[in-house]
Structures are given as structure tokens and as C-alpha cells.
Amino acid sequence: MSFEPVLLRRWGKPNSQSLETYRADGGYAALKKAFAMEPPKVVEAVQKSGLRGRGGAGFSTGLKWTFLPKDVQGPIYLCINGDESEPGTFNNRVLLEEDPHQVLEGIVISGYATKSTTAYLYLRYEYGDCYRACEKAIQEMYANNLLGKNILGSGYSLDIYLHRGACAYICGEETGLIESLEGKRAWPRIKPPFPAIEGAFRRPTVVNNIETMACVTQILDRGPEWFQSLGIPSENPKDPGSYGPKLYCISGHVNKPGLVELPLGITARELIDKHAGGVWKGRKAKAVVPGGISMGFLSADELDTKLDFAGPGKAGCLGLGTAAVIVIDDQTSMVDVLYNTCRFFAHESCGQCTPCREGTAWSAKILSRIRAGQGTLKDLDTLTDISNSIGIMPGTTICGLADGAAWPIKNALKKFRPEFEEYITSGRRSQSFEVAGAH
Amino acid sequence: MSTVFINDIEIEVGPKENLVQAAERAGVEIPHYCWHHDLSVVASCRMCLVEVGEKKPDGTISMISKLVPACQTPAKPNTVVLTNSEKVKKAQAQTLEFLLLNHPLDCSICDQAGECYLQDYTYKFGNAQSRLNEPKVQRVDKYHIGEQIALFTDRCVMCTRCVRFTREISGTSELLVTNRGSVEEIDIFPGEPCNNKLAGNVVDLCPVGALCSKDFLYKKRVWWLKTQNSVCQGCSTGCSIHVDQEENRLYRLRPRENELAQGSFMCDDGRFGWKYVESESRLFGPRVGKLQVASQHHAVGNSNHANGNGTAVSHAQVALNELATVDPWPTVLNATRQAIKSVVDSGADRFAVVLSPMMFCEEAFMLAKYIKSINKKITLALGPVPVVGEDDLYPKDYKGEPPAADKVKFTIRAEKCPNRLGVEAVLKHFQGEVIGFETIAERLNTTKIDGMYLVGGYPDAWLDASVLGKLDGLSTLIVQDFMNSPLTDMATIALASATFAERQGTVVNHSGLAQEVQQSIRGSTDVRPDGRLLFELSQRQGMYKAASIRTEMAKEIPAFGAFAGEIGELGIQLFTTVEGKSA
């Protein structure tokens, strides 16, 4: 049984980005339905649907909206996180390039529900095509009373600003995004205060992901029950469940890398074999990244892990993250893979707090030395120590980049330690290229 | 008030304290770099991580599993804090190991050694060995970062205190962070160095030897320095300071924290403006009789001087002349008493005494009392009050404009003397009013004044040519000052007095706060601290002790009633003022 795409249903249609074709396909019906409800009812609907943020943290979207203070005087801001930079992730890009109105409609609905006065769509600079598509779509919306004052006569007004970033992963962290939006260095803020109380320009702010916004549109159009009918229900009271369709990005050593929409909960094995054409060149998968490299690695015997919000955690990964699956074949050295992830985080660490600034760079340097054939077994203990001492989970850093940096190290050394030990004791030197563009 | 449990200590804390402050009051040190009570909280250094929890009403304690920074955690009722558990100790050692990874091993050439928080914390909380086996990140030094400050870039631990200081206190925002991650550096925008008037404070704020004062660089290892409490003489703000000296030489001034006075900082004019103490133009001994040859004047560096006949005289000759013109103090003090008597004998209204606002309270008191004891009709007046421009308020906004009154964090005041209010209070008591210097200078034209006793004590020239011309005609001109000048040359008696570093006494700042200046060094042999000078001039019995004079002042002058008690390190409020004017 194959799943009929909902979020991606208009992908590939001619002129899919235009307002005209979007409307012809039933677009902006959801917005009208939302306007027929009171804003708190819209929040309730989203809460009932069980929608959890698609940006990586998986926090209940409706619940986050309730954190805004009631009866606040002055502006409330809605920031949409288009800084998609988690390696392996490209679902937001496809959504914006192919069907910007679906996302923008969700933004207006969310703005209405949260009583936001202004929306800022923060887009990573590298997404030029997305930017141009959004710019056009927004112009169309203003011209058709879908943005600006008194949208569709509802009495609700919303302005949206399209803001381009400047190539930094840390701008995807919600307070990093807010700082960047304010024109400052993207150094994430200490919490409390949380953005819902004091966010952009010190006003109450909600930060939501692009795919989440597209889901909001569909929830309002098809109803929360539809959303709940997809996915995997909650197993225990503490688990909010995994509902709705999810865009899975598959890349790496597969025959058909790409984007596929499926209900939450497909296993990694099924995703690779059924939807990505299987591992390439007839090889087997050695390790699979479940949701962007911050989440760590699944080993070859963990491929039956369900890729919902709860599954990867049970296999020792950080979580589902962005559901960006990267497949690593059995001819690839985990030492090279781990070096690549450490180099990425060292490059992207904002440098504000000591453990992340120094720890990420240190681990990258250690792995570089191991790759050069000069590693020692003690280095593996040092790497483990580093990975255990950086992150918001132990409480030693300001934001979660450090946890994302630490997890691949933890998983790699726990699940692939024999490979590392053999690499070191054999004195092997890496055959793979030095990654260009890194400092 | 609320109870907070820090390790095994129970203390009461106020409403706005964080755990670092609460622990400090409990006598427990929580190491920290980036937090400073005058700057915003960033909690970025992660040195102050502690375990916190809550003591429930039933007495059980539930601790949070993750560490939190003490600087961003408010001390709430029933908070339990552990600062020395295994988890905390491990985190402290790990943070220090992280900080030392890219820190150059510069201790042997770094100014901060001996007062370095990286050294101190590593010794107390860190590991003896590092596991680093990689090349360190190296960065070039930046001597151009400011006129007064140099940046040794790779010593920086990225606490960003300096950046936040230039944003929040001076408002000038010159310092910034460039690059990202472990290759970050403190820097300035090209061509816009950190030259604001509060720039020197970033050197104090920097916990390591990254930001250094060019003035002090490589001059003296700090463990040789001895420190005295003092007060900056630069303006009526009266910043509390530390004076660091060794072997009778000054090396640096640093602000001393005093919430009653100025807070935690001081301006560069005061911080670096002590060189006159060592000037070659010091008046280094007393003298009776006018100088025959012009001396080497204050702020002029000529090596050739013309005598009255227009012939150039060599530098050596001038020095010899000056040496030859130092008279013994007993002789000079006798001559002073005689000179005063002889003018007063022909009419008390022919003699006037000018008390400088640079004098300490005890000195002004002794001189005023002595003069009035000779004859009540001798006029006492206030010396020139130097005013330069307007009060300079900080932080500036992005246009460079001063802040609104309720947002001011630091003021460099236009009144460039430390004790006008104190001297005025003495004058009001003994003279009944404050006669300004312009008035008394005018009286030189209009009245029969034939003798004057002028007290100077200003670091710069303080009289203009027209006043000097009038003074030159007096039969008796007694000048008590510490710098050579045309005034001291023409004085019939020159009394070589001491700078603030070489004497002790009390000054009263703009808000009426009286603070004690301790003596830091001895002046050269024939220079007398003013207190001792005036004590002996007025033939008091015993030795000058500021505290005893203050007790006397408390008894005799109601305005100085608070001098009956201890002044204390932070000073005491002598009187309350409306800004600039005494009550």
C-alpha cells in the first residue's frame, strides 16, 4: 500500500508555485476555515492533531503556541525557521521551491492562531531559488488580500518579511535565529527568558519550522482527525506520539536519493529498500543516520528501528531530528564519517560557550590526527570524555549544537569501536579527500 | 529575605542575588569569568556550573540532574546549591581543560601572572595535566586595539566582558568579536580603535592577560607591588582607587570597588594621570627668597634658560642653582611665620590666604584655624576651581549622545578637583562664607593686600599671566605647591608640598561622600606632606595624624560631625548635596 502524498501532492505540477494554480487545487480553503474559528480554537485544533515540530526538536506545536502570554499589548512575532542546515536535510527546500503557498498559508493560519502581528520568514542564504519563489508568492498574496491589512475581510492583519541569512548553521537554533534577525551575531541566548515571553526584539515570539507550517495548512483543511489517523499513537502518557505525514530525506549511498512523504513510523530498512532503491553498488549499509547527523548513527542491526519521534531514541540516537536519513555503506570508514561530522560542528560552533567552542574543535583535530595515521587508543577515551561533557543535557552549554556534536561521537565509539581501534592500531592513513571549504 | 543552602551552609539572601553572589556571602567561591555585577549576564564561560535543587517542606532535597550556571540562577527560597560535588568538580576541571587547549603558555611573559584567574582557578579547580596533543590555534597580537590598551589575542578566553563593557558602560562599542568558533578573536573595526575615556577598565575586567595596559606593560611583576587605598584627584567624582607601588615608585592606579562612590570603574584621565608625581618639574625643596634664575618650569622641557640678563644658562647650571636654593625646613617655617606676622602687623586686611580645592580636609582645617588664630580679620578665600567642559556621562548611545539622567552609569565630572566641598565647608566655618578666587584676585587691584599665602597642589599650571603679574608685586608671597612654575619662582617663600600619593587625608566628592586617602609613597627628602607641613607651621605639639585632626574637626565644625567616627574603607556620607552644591 503506497501512501498518497499530501504535503508533496503538487510537486511536479506545472506552475505549482503560482497562486492561481494553488487556488485551483483548493488552496486557501484552510485559511478560510481557520478564519471561521476563534484563534484559541485553531490552537486547540493543532494541539488535538498531535502535530510535533518538524525542525528537529519534535516539541508539540500547539502546546508551544499556548506559552505565549495572554492579553499582551504590542507586537507578537512569528518566526519561521527556513535556515535548514542540518546535514542531509532538504525537505524545507523542496517545499518552498515547489509549493510555497502551502507553507505561506500555514504561516497566515499560525499567525492568526497566535495573534501574531508580523511574521519573519528566515531563509538560509544558500536557498536562492526558494527565496525567489517565496518573494513572488508573497507579492501575489499581498496583491490578493491574503497578506497585509484585513486578510479576506477577517479583521486579521499580518505582514511577512522575507529575511535572508548569511550561511551559519547556528542560525537554525531558535534564539540564534532571533539574534540574527535582529542584525546581531547569531549567538543563542540563555534561557530563561524563553522566546514565547521575550523573543525577537524582546517581544513574545514563536519560532516554527517550514514543514510544520505546511502541516498546519493540511490540519486545518482536512481536520485534526485526519492527522491523527496517520503515524504511531502514543505508547505511554509521557510520550506525545508521532502523528501525521513526514517528509523523509534520503541521501548517501543509495540508488535513489530523494525526498519521500510517508506517515511517521516507517523503519529505516523499509525506507532504504522500498523507497530509495536499496543500498548502491550492491553493497550493504554499515551505518544509517536517522535524522540529520546530530542524531548519531544506527548500526546495521538497528535498521528495523521505527523512524518516529520515539524510535531512534530507543536505539541510542538523540532522536528523530529532521528525519534526514543518510546511508553509509560497508566500504566507508567510520573514522572518515566521524571526522566529517566533527569537522562540521567545529566549523559551525558559534564559539560563545567554552565546552562547545573548544570541544568541537578538539574532537575534529583528534580525528584529523587519527586519519593521518597518528592516533592512539587513548584518543578514543578522550573523545568519549569530550562527548559526555558538552551539551544542554549535561547542562554545560547554552544551546543544543553541542549535543548534536557529541552524539555522533558517542554512537560511533559505542557501536563501531572495534573499527576505530583497528584503524588506530594498524596505523592506517585515510584515503578519502580532505574536505574543502573548512578552515 | 529567603534561606538558601549552599553546600552545608545556610544563609539568608536578598531578592536580587544570583548564586555566585549568594555563595560569596556564604564564604564559598564559585569560580566565574564572564559574569560581572555591572554587566549583562551571558553565562557563556560555563565556569560557574553548579548543582541546584530544592529543599521541600518535608525536608527532602530534590536535585536537578543537569548542571546550571550559578550566575544566571536567581537565589530563590529553599534553593539548595552544591558547589563541590563530584559532578561539579568534574565540570570545573573540564571547563578549565577546554580553556587551556588553545591558551598559549605565556605565563612567564604575561602581565597577568600573579593576578590571573586562569592560573588561580586551574590551581584550585583544574587538572595538573592536559590531554591536548594537537597544535594550538595561534593569533597575532593587536597592539593597535587602543591607545592605552594592547590585546594579546590568543590569551583571550572569550568571556566577552570587554565587549559588553564597551556596549553597556561606555556605550562606544568599539570592541567586537570576529570569526566563529574556536578561531574567534576580539577585534575592532578597522580604523576605529578603543579610545573612549573609560577604555582602561577593560584591562581590569579581562580575567587573563589578553587585554593589557600599555602604560603598565612589562613594568613590574604584580607580586612585588604593595597596594594602598586612595582616591583619584582628577575630578569631583572621587573614584575610589588602589595605588600600586614598590620601592617608593608608583606603578599603576586601579579602581577600587565602592558602591558609595563611583561603582567599579574609573576613567583613563585619572587612571593614567599620575605621571606628574614623578615629574622632573617637581618642586623638590622649600626656599626662602625669590629665585635669581628661572627654574625649569612645569610642562616645559627646555634645557637652556635665560636669566634676567638674557644670557642662556646651561641645564647643569640651573640644577645647581636650584639645589643651592633649598633651605632647611625649620628655617623656612620660621621665616613663614615671621613673614605673615610682619604683614599682619601693618594691617590684617593686608594679608589673604587662598585654600586650594585640591587640599585635603584636615590640611584646610589646620591652615584656616592657624591663620584665624593669628588674626580673625585675615581673609580666607577658595583657590581656583578648575572646570573643563561639561560633565561627561556614560554610556553614550549609538550617535555618541549622553544617556538620560536615570540611565547614567558613569560620570567624568567637569569639576577637576577632588575636594571643593570639603574645603568650602572649612571656609564657611572659619570665614563665614566662600570667597571665590576671582573675587580675591580682583581685590589685588582694589585693596591694600600686600601679602598672600597661596596653596596650589594642581598638576597643571593654575594661574594665568595677568594674576601672576599682580602677585609679582606683593611684598610677601608664600606659595605651598608641589610643581615648579613661574609662581613658585617668584614666591618669596616656596613651601615644597606633596602630591596625593605622598600624603594622607580626606577628600569629599560631589555627593558629599568623605573618603580617606592613604599615603602610598614618600616624596623626595625635602618635600613635606602638607599635613605635616601645616602641623609644624602652626606649631602644634606632637606629630600629624589625620585621624586626630578629624576628631578635632568633628568637635569644632558641625558640618564635619561625621568625622567623629571611623571613615572606613568605603567612606562616610558627610553631608548630602544637590549635585555639585553643598547643603
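Residues numbered from 1 in each chain as written. Chains lettered and ligands numbered in written order. Predicted model: local features only at pLDDT ≥ 70, side-chain atom pairs only at ≥ 80, totals over all residues.

Quick notes on unusual backbone geometry
Phase 1 of the analysis: In this chain, K191 of chain A is followed by P192 of chain A through a cis amide linkage whose omega measures 5°.
Phase 2 of the analysis: You can see P192 of chain A is positioned in the loop between α8 (174-181) and β4 (205-209).
Phase 3 of the analysis: Residue P395 of chain B follows Y394 of chain B across a cis peptide bond; omega there is 5°.
Phase 4 of the analysis: Tracing the backbone through its elements, the reader meets P395 of chain B in the loop between β19 (392-394) and β20 (410-412). (Helix = DSSP H or I, 4+ residues; strand = E, 2+ residues; numbered from the N terminus.)

Here we look at the domain arrangement of chain B
Phase 1 of the analysis: Considered domain by domain, chain B is made up of domain 1 (2-84) and domain 2 (280-295 + 326-573).
Phase 2 of the analysis: The centre of domain 1 of chain B, based on its C-alpha atoms, is set 50 Å off from the matching centre of domain 2 of chain B. (Domains from an automatic or database assignment.)

Points about the nonpolar core
One recurring pattern in soluble globular proteins is that nonpolar side chains are buried together.
Phase 1 of the analysis: In this structure, C79, V288 and V325 of chain A together with L355 of chain B are the most contacted members of the largest nonpolar core, which totals 291 residues.
Phase 2 of the analysis: For this core, the element with the highest residue contribution is helix α13 (residues 334-348) of chain A, accounting for 9 residues.
Phase 3 of the analysis: With residues up to four places along the chain from it excluded, the contact list for C79 of chain A reads Y120, Y122, L177, I178, L181, A200, T205 and V207 of chain A. (Core = buried A, V, L, I, M, F, W, Y, C linked by C-beta atoms within 7 Å. Buried ≥ 20, exposed ≤ 12 C-beta atoms within 10 Å, placed from the backbone. Contact = placed C-beta atoms within 7 Å.)

A short note on the sheet that holds strand β12 (residues 240-246) of chain B
Residues and elements named next belong to chain B.
Phase 1 of the analysis: Strand order in the open sheet formed by 3 strands is β11-β12-β13, with antiparallel pairing between adjacent strands. In this open sheet, the two strands that pair with only one neighbour each are β11 (226-231) and β13 (249-255). Geometrically, the sheet is characterised by an average inter-axis angle of 30° between neighbouring strands, direction not taken into account.
Phase 2 of the analysis: The sheet contact formed by β11 and β12 spans 6 bridges and is antiparallel. Considered in β12, the bridge of V231 is made with S240. (Pairing = 2+ DSSP bridges. Axes fitted to C-alpha atoms, helices over the stretch in contact; angles between N-to-C directions.)

Considerations on helix α4 (residues 161-168) of chain B
All names here are of chain B.
Phase 1 of the analysis: A large share of α4 lies buried, amounting to 6 of its 8 residues.
Phase 2 of the analysis: Residues of α4 that are buried include every one of R161, C162, V163, R164, F165 and T166, and no others.
Phase 3 of the analysis: Among the structural elements, β8 (175-178), β9 (185-188), α5 (201-205) and β10 (211-213) are those in contact with the buried residues of α4.

A closer look at the pairing of strand β3 (residues 159-164) of chain A
Residue and element names in this part refer to chain A.
Phase 1 of the analysis: Of the pairings in the sheet, the one linking strand β2 (residues 118-123) to β3 comprises 6 bridges and is parallel in character. Considered in β3, the bridge of Y120 is made with Y161.
Phase 2 of the analysis: Tracing the backbone out of β2, into helix α7 (residues 128-143) and back to the parallel element β3 gives a crossover that is right-handed. (Right-handed = clockwise from strand over helix to strand, strands pointing away.)

What about the interface of chain B and chain A?
Many descriptions give the size of an interface as the accessible area lost when the pieces come together.
Phase 1 of the analysis: At the junction of the two partners, chain B supplies 27 residues and chain A supplies 27 residues.
Phase 2 of the analysis: Per-element accounting of the side of chain B that touches chain A gives the leading share, 6 residues, to helix α2 (residues 86-101) of chain B.
Phase 3 of the analysis: Looking at the side of chain B that touches chain A residue by residue, the classes come out as 14 nonpolar, 7 polar and 6 charged. (Nonpolar A, V, L, I, M, F, W, Y, C, P; charged D, E, K, R; others polar.)

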